[in-house]
Amino acid sequence: MRCLLVSDLHYTLKQFDWVLKEADTFDVIVIAGDHLDISSTVDVGAQITVVLAYLRRLCAKTRLIVCSGNHDLDARNASGEKYSKWILKARQFGVPTDEDCLMLDRTLFTICPWWDGPESSARVGEQLERDSRIPKERWVWVYHAPPDASPTSWGGRQYFGDAQLLQWIRRYSPDMVLAGHIHQSPFRKGGSWVDRIGSTWIFNAGRQMGPCPTHVILDTEEQAALWFSLAGAETVTLDQPLLRPVPSLTEFPVWLR
């Protein structure tokens, strides 16, 4: 299974266009939150309409998985905690999203929403406990924020990760967490696009300007993960220990050409 991970597109339509153009070369695409940009001059309602149109076009080309991020919150639950109501409309197109799970090629994807308080955090905990009992060969979490105290959440001066996620990883040991949120982590000294906590691989592609988003390509058959950005490209082997510094990618592997 070949997977493309992007995140934090923030209503950058040229980057959505790039993902759309590349879509049919992947078995699954994961967009790990922050589809919208709350600082944009474009009305949030208009952004939602456009992004949903992109999601509909993407899922017509390949399997698509999306979760919400902190920029995607547009409603409040009964406890007053923010959540993304609009992203649930993606289910109309057959796109699994917040609080859903998907079994694909014996891999279970658990898709977690951005949580805004104790009630929504508890719901994520219940979701992970539920999915932990589902038989599977591989378990992947789609979760907007990376874990705390990880190079994937390093901002250059401090960590900005999710401390609760770190506890859940230590409890359940998923195979992978596909995240985003901290744009600069791969580009700061001490930061990275990849980490390993116990047996769990963590990926955060980061964010860059321009028409091509930073992205991670994962291939479970080749046991490889590759990161691409304007700053360069790196690669790790998933059935080997994580090495630092992470090796640079000097040429495209044959399976990706």
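Note that the structure is a prediction, hence the values are computed from the model and not measured. (Residues numbered from 1 in each chain as written. Predicted model: local features only at pLDDT ≥ 70, side-chain atom pairs only at ≥ 80, totals over all residues. Heavy atoms only, no water.)

Student: Teacher, can you tell me more about the overall build of the chain here?
Tutor: Across its full length, the chain carries four helices and 14 strands. Rg of the C-alpha trace for the chain: 17 Å, near the compact-globule value of 18 Å for 257 residues, within the 12% margin. When the backbone C-alpha atoms are referred to their principal axes, the chain occupies close to 50 × 40 × 40 Å. Within the chain, the proportion of its 257 residues that are buried is 54%. (Helix = DSSP H or I, 4+ residues; strand = E, 2+ residues; numbered from the N terminus. Rg over C-alpha atoms; globule rule 2.2 N^0.38 Å. Buried < 20%, exposed > 50% of the residue type's maximum accessible area, 1.4 Å probe, protein only.)

Student: Before we go on, may I ask you to explain the environment of H35 in this structure?
Tutor: Position of H35 relative to the elements: it lies in the loop between β2 (28-32) and α2 (44-59). Distance in space between the C-alpha atoms of H35 and I202 is 20 Å, their sequence separation being 167 residues. Within the structure, the side chain of H35 is placed 2.9 Å from the backbone oxygen of C67, a separation counted as a polar contact. (Polar contact = N/O pair within 3.5 Å; in protein donor to acceptor, adjacent residues only side chain to side chain.)

Student: It is not clear to me how helix α3 (residues 118-132) should be interpreted in this structure. Could you clarify?
Tutor: Because the α-helix completes a turn every 3.6 residues, residues three or four places apart line up on one side. Its 15 residues place the ends of α3 21 Å apart at the C-alpha level, agreeing with the 21 Å of an ideal helix rising 1.5 Å per residue. All of the buried residues in α3 are S120, S121, V124, G125, Q127, L128 and D131. One face of α3 carries all of its buried residues, which in axial projection span an arc of 155 degrees. Opposite the buried face of α3, by more than 90 degrees, sit the exposed residues P118 and E126. (Expected span 1.5 Å × (residues − 1). Arc of directions from axis to C-beta.)

Student: Before we go on, may I ask you to explain the sheet that holds strand β9 (residues 176-179) in this structure?
Tutor: Through backbone hydrogen bonds, the strands of a sheet pair up, either in parallel or in antiparallel fashion. Spatially, β6-β7-β8-β9-β11-β10 is the arrangement adopted by the six strands of the open sheet, whose pairing is mixed. At either margin of the open sheet sits one strand with a lone partner, and together these are β6 (101-104) and β10 (194-197). The mean angle between the axes of side-by-side strands here comes to 20 degrees, regardless of whether they run parallel or antiparallel. Where strand β7 (residues 107-111) lies against strand β8 (residues 138-142), five bridges are found, and the strand directions are parallel. Paired with T107 across the two strands is R138, which belongs to β8. Sitting on the sheet, α3 touches β6, β7 and β8, and the angle it makes with β7 is about 170 degrees. Relative to β8, helix α4 (residues 163-172) is tilted by about 175 degrees, and along the sheet it contacts β8, β9, β10 and β11 (200-204). (Pairing = 2+ DSSP bridges. Axes fitted to C-alpha atoms, helices over the stretch in contact; angles between N-to-C directions. Contact = heavy atoms within 4.5 Å.)

Student: Any chance you could explain the pairing of β8 here in plain terms?
Tutor: Strand residues, when the strand is regular, have side chains that alternate between the two faces of the sheet. The element β8 is extensively covered by neighbouring structure, given that four of its five residues are classed as buried. In the classification by handedness, the crossover that spans β7, the intervening α3 and the parallel β8 is right-handed. The pairing of β8 with β9 spans three bridges and is classified as parallel. Across the sheet, residue V140 finds its bridge partner in β9, namely M176. The parallel pair β8 and β9, bridged by α4, forms a crossover whose chirality is right-handed. (Right-handed = clockwise from strand over helix to strand, strands pointing away.)

Student: When you look at the pattern of salt bridges in this model, what are you seeing that I'm missing?
Tutor: All chains considered together, the criterion is met by eleven salt bridges. A salt bridge links E129 to R133; the shortest N-O distance between them is 3.0 Å. The class for E129 is partly exposed, based on a relative accessible area of 26%. The exposure class of R133 is exposed, given its relative accessible area of 57%. (Salt bridge = Lys/Arg side-chain N within 4 Å of Asp/Glu carboxyl O.)

Student: How do you make sense of the side chain of S229 when you look at a structure like this?
Tutor: As for its position among the elements, S229 is in strand β13 (residues 224-229). Since its relative accessible area comes to 15%, S229 is described here as buried. Within the local environment of S229, its side chain forms a polar contact with the backbone nitrogen of A231, the two atoms lying 3.0 Å apart. Those residues in contact with S229, other than ones at most four positions away along the chain, are F187, Q208 and T214.

Student: Is there a simple way to think about the packing of aromatic side chains in this case?
Tutor: Within a pair of aromatic rings, the relevant descriptors are the distance that separates the centres and the angle that separates the planes. Summed over all chains, the structure comprises eleven aromatic pairs. Arranged with centres 6.4 Å apart and planes meeting at 65 degrees, the rings of Y143 and W168 form a pair that is edge-to-face. Taken together, the residues span a long stretch of sequence, with Y143 in the loop between β8 and α4 and W168 in helix α4 at a distance of 25 residues. Considered together, Y143 and W168 belong to a single accessibility category, that of buried residues. Aromatic ring contacts, followed pair by pair, group F187, W193, W201, F203 and W227 into a single cluster. In this arrangement the basic side chain of K136 is found over the ring face of W139, its NZ or CZ atom lying 4.6 Å from the centre. (Phe/Tyr/Trp six-rings, centres within 6.5 Å; stacked < 30°, edge-to-face > 60°. Lys NZ or Arg CZ within 6 Å of the ring centre and 35° of its normal.)

Function-wise, these values are silent; they only describe arrangement.
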